[in-house]
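Commentary on secondary and tertiary structure
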Amino acid sequence: MRTTEESEGFDGEASNTSMISGASSPYQPTTEPVHSRNVLGGIRCDMEYLKSYFGILKAVEVVLSLIGFICIETIMMCSPCGGVYFFEFVSCSAFVVTGVLLFIFSLNLHTKVPHVNWSLTDLVNTAASTFFFFLSSLVLACINHNTGAEIAALIFGFLVTCVYGVNTYLAVRRWRRGNGSQGVAQTSEYIRARTASRGEMEARPELG
């Protein structure tokens, strides 16, 4: 009987000791709730962007590029066809790229990828589209057969070139304004850091 009681006493002391050591141990098992990231939760239609200059210009660019592409696709016979193929490629590429950017900006998807410089991306797209639409329209004006489809594609090509040009001008202004504010923020942060370090140096007691 005594052996049983002693063993039970030892077991109780061992359990108490383990509980105390477990409570005082700095290495405690932690369980943190895992939050599922809902990436698509913040998607909404940004009506303010669609009503802004950039949203309206992008919508017009998409429509005019599509109309120009449809006009050039109705041409059945051409010789030479270099100008037609060049305009077809430019109008289709501009329609796809600008349409994707319009979709991204109108649904605020660019906020999900903040490490991409979207202002610079938009600027590069509008500048390249302006240049290539002007060049392809100029080539088509020099090499055409005066058909109705070619003339219609030529008109829409120069129209969308003007729209892309205006968009490029506004994109350059926005990009410069963003870089200027970023430079001012970096300069103020540098001055604040220098001031803080100088204050720490002055606060240190001199060793004598």
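Structure report, in brief. Counting starts from 1 at the beginning of each chain's written sequence and moves along it residue by residue. Whole-chain, interface and lining totals are the exception, using all residues; otherwise, since this is a predicted model, local features are given only for residues with pLDDT of at least 70 and side-chain atom pairs are given and counted only at 80 or more. Heavy atoms from the whole structure form the basis of all side-chain values; hydrogens and water molecules are not counted.

**A closer look at the overall build of the chain**
The helix and strand labels rest on DSSP assignments: H or I over at least four residues marks a helix, E over at least two residues marks a strand, and numbering proceeds from the N terminus. Counting its secondary structure elements, the chain contains 6 helices and 0 strands. Moving toward the C terminus, one meets the helices and strands of the chain in the order α-α-α-α-α-α. Counting the 208 residues in the chain, one finds 25% classified as buried. Two residues qualify as a contact provided that any one of their heavy atoms is within 4.5 Å of a heavy atom in the partner residue. The contacts of the chain with a sequence gap of at least 6 include a subset with a gap of at least 24, amounting to 80%. The protein chains shown are the only cover counted for residues, whose accessible areas, like all others here, come from Shrake-Rupley with a 1.4 Å probe. Counting only carbon and sulfur atoms, one obtains 66% of the accessible surface of the chain, whose full area is about 14,600 Å². Think of it in three bands: residues with accessible area under 20% of the maximum for their type are buried, residues over 50% are exposed, and the middle band is partly exposed, with areas taken using a 1.4 Å probe on protein chains only.

**Points about a nonpolar patch on the surface**
Patch membership needs two things, relative accessible area over 30% and no salt bridge, and members are linked within 9 Å if like-charged or within 5 Å if nonpolar (Val, Leu, Ile, Met, Phe, Trp, Tyr). Salt-bridge detection follows one rule: a side-chain nitrogen of Lys or Arg within 4 Å of a carboxyl oxygen of Asp or Glu. Taken together, the side chains of Val96, Val97 and Val100 present a nonpolar region at the surface, about 220 Å² in accessible area. Here Val96 lies in helix 4 (residues 82-106).

**Notes on the pattern of salt bridges**
Taken as a whole and assessed by the stated rule, the structure comprises 2 salt bridges. Where Asp122 meets Lys58, a salt bridge forms, and the shortest distance between an N and an O atom there is 2.5 Å. You can see Asp122 sitting in helix 5 (residues 118-142) and its partner Lys58 sitting in helix 3 (residues 53-73), a full 64 residues away along the chain. The two residues Asp122 and Lys58 agree in class, both being buried. A salt bridge links Asp122 to Arg174; its shortest N-O distance comes to 2.8 Å. Taken together, the residues span a long stretch of sequence, with Asp122 in helix 5 and Arg174 in helix 6 (residues 148-203) at a distance of 52 residues. Here Asp122 falls in the buried class, since its relative accessible area comes to 1%. Exposure remark for Arg174: the relative accessible area of 21% places this residue in the partly exposed category. One network of salt bridges, with partners in common, ties together Lys58, Asp122 and Arg174.

**Looking at the environment of Ile151**
In this structure, Ile151 sits in helix 6. Assessed through its relative accessible area of 40%, Ile151 is described here as partly exposed. Ile151 sits 11 residues away from Leu140 along the chain, and the two C-alpha atoms are 9.0 Å apart.

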